[in-house]
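# Chains, contacts and geometry: an overview
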Amino acid sequence: MSESQLSNDSLRESDQEQGLQEAIRRLPEFADLVEDVLLNTLQNLMTEAFLGEVLLTARPRTIALPPSSARKSPKCGSRKPSVGTAGIEKTTDPIFPSRPACRSSREVI
């Protein structure tokens, strides 16, 4: 097979896959599933707000992440003690007060 035939085949497969995805999105079962997921998400948020696990009136936080090459340090919130996380200070998360939060010196509030 030549390169042009391979590219035509991959384009045809891509178009078929896109058409299949669009057909699935038009199905009433898909719409019902999306509705159920959104309803469940809202119910979970309201339950957590009622139980005091989340503050819906808290100001949203904007977090400026370092470049991807600098993100190799351990993730915040891991169960294991982190080593070498200079510039990260553990505080209480204002949105989830029962969960400790990690604040980086790069975080913008």
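Our structure's up above, just so we're on the same page.
Residues numbered from 1 in each chain as written. Predicted model: local features only at pLDDT ≥ 70, side-chain atom pairs only at ≥ 80, totals over all residues. Heavy atoms only, no water.

### Topic: the pattern of salt bridges
Applying the stated criterion across every chain, the model contains two salt bridges. Between D9 and R12 there is a salt bridge; the shortest N-O distance is 3.2 Å. Residue D9 and its partner R12 are located together in helix α1 (residues 3–26), separated by three residues, close to a single helical turn. Judged by its relative accessible area of 24%, D9 falls in the partly exposed class. R26 is the salt-bridge partner of E22, the closest N and O atoms lying 3.8 Å from each other. Highlighted residues: E22 and R26, both in helix α1, separated by four residues, approximately one helical turn. We classify E22 as partly exposed; its relative accessible area is 32%. A relative accessible area of 63% means that R26 is categorised as exposed. (Salt bridge = Lys/Arg side-chain N within 4 Å of Asp/Glu carboxyl O. Helix = DSSP H or I, 4+ residues; strand = E, 2+ residues; numbered from the N terminus. Buried < 20%, exposed > 50% of the residue type's maximum accessible area, 1.4 Å probe, protein only.)

### Description of a nonpolar patch on the surface
Side chains of L20, I24, L27, F30, V34 and L38 sit close together on the surface and give an oily, nonpolar patch of about 510 Å² of accessible area. When residues of the nonpolar patch are traced back to their parent elements, those giving at least two are α1 and α2 (28–50). Judged by its relative accessible area of 34%, V34 falls in the partly exposed class. (Patch = residues over 30% accessible without salt bridge, like charges linked within 9 Å, V, L, I, M, F, W, Y side chains within 5 Å. Areas by Shrake-Rupley, 256 points an atom, 1.4 Å probe, with all protein chains shown as cover.)

### Overview of a negative patch on the surface
Taken together, the side chains of E29, D32, E35 and D36 make up a negatively charged region of the molecular surface. Residue classification places E29 among the exposed positions, given a relative accessible area of 54%. (Lys, Arg positive; Asp, Glu negative; His and termini not counted. Charge placed at Lys NZ, Arg CZ, Asp CG, Glu CD.)

### A closer look at α2
Its 23 residues place the ends of α2 33 Å apart at the C-alpha level, agreeing with the 33 Å of an ideal helix rising 1.5 Å per residue. Just past α2, the residue G52 takes up positive phi, approximately 80°. (Expected span 1.5 Å × (residues − 1).)

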